[in-house]
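Structural description and commentary
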Amino acid sequence: HALDRFAVKEIVCSSCNTTQKVQQMCEQCGNVFGDYFCSVCNFFDDDTTKEVFHCEGCGICRVGGRDNFFHCENCGCCYALSLRD
């Protein structure tokens, strides 16, 4: 099925069935929905080895670690630091 993550306004906790705003942790029981959570993209991930980060310039979450990339304002995209200059 297709899901527009940006349109999601509420989630239901699978542990206690509480309906709530999109957030990293259940406000009722404390269940953590994802080790990584982006409130802009409504994105959850438990695999922290991917080093997911949100790029404000791109407007999306990316994989690979914020410290390994730079956002080019001219191109409007992120690139590996090894490509800088």
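In case you missed it, the structure is sitting above this.
So, here's what we can say about the structure.

Thresholds, definitions, all that
Sequence order as written defines the numbering, with residues in each chain counted from 1. Since the coordinates come from a predicted model, pLDDT governs what is reported: local features require at least 70, and pairs of side-chain atoms require 80 or more to be given and counted, while whole-chain, interface and lining totals use all residues. Side-chain numbers come from the whole structure's heavy atoms, not from hydrogens or water. Strands are runs of DSSP state E lasting at least two residues, helices are runs of H or I lasting at least four, and both sets are numbered from the N terminus onward. A contact between two residues is defined here by any heavy atoms of the two lying within 4.5 Å. N or O atoms closer than or at 3.5 Å make up a polar contact, with two conditions inside protein: a donor-capable atom paired with an acceptor-capable one, and, for residues adjacent in sequence, both atoms drawn from side chains. Strand pairing requires that DSSP identify at least two bridges connecting the strands. Ring geometry is summarised as follows: Phe, Tyr and Trp rings, the Trp one being its six-membered ring, pair when their centres sit within 6.5 Å, and such pairs are stacked at plane angles under 30 degrees, edge-to-face over 60 and tilted between the two. Relative accessibility thresholds used throughout: buried, under 20% of the residue-type maximum; exposed, over 50%; partly exposed, between the two (1.4 Å probe, protein chains only). Working rule: Lys NZ or Arg CZ, within 6 Å of ring centre, within 35 degrees of ring normal, means a charge sits over the ring.

Our focus in this paragraph is the environment of D35. Relative to the helices and strands, D35 is located in the loop between strand 2 (19–21) and strand 3 (36–38). Taking the C-alpha atoms as reference, D35 lies 20 Å from K9; in sequence the two are 26 residues apart. Sequence-distant contacts of D35, that is, excluding residues within four places in its chain, are made with Q24, D45, D46 and T48.

Looking at where Q23 falls in the secondary structure, it is placed in the loop between strand 2 and strand 3. Separated by 3.1 Å, the side chains of Q23 and E27 make a polar contact. If near-sequence neighbours (up to four positions away) are discounted, Q23 is found in contact with I11, F33, F37 and F44.

Turning next to the pairing of strand 8 (residues 77–80). When strand 7 (residues 69–72) meets strand 8, the two strands line up antiparallel, connected through four bridges. Across the sheet, residue C72 finds its bridge partner in strand 8, namely C77. As consecutive antiparallel partners, strand 7 and strand 8 are separated by four residues, and within that stretch G76 has a phi angle of approximately 75°, a positive value.

Between two aromatic rings, the relevant description is the distance of the centres plus the angle of the planes. The final tally for this structure, using the stated rule, is five aromatic pairs. Ring centres of F33 and F44 lie 6.2 Å apart, and the angle between their planes is 90°; this geometry places the pair in the edge-to-face category. Taken together, the positions of F33 in the loop between strand 2 and strand 3 and F44 in strand 4 (residues 43–45) put the pair 11 residues apart, joining distant regions of the chain. Looking at F44, the relative accessible area reads 25%, which means it is partly exposed. Aromatic rings pair up to connect F33, F37 and F44 into one cluster. Above the ring of F70, the side-chain terminus of R84 is found at 4.4 Å from the ring centroid.

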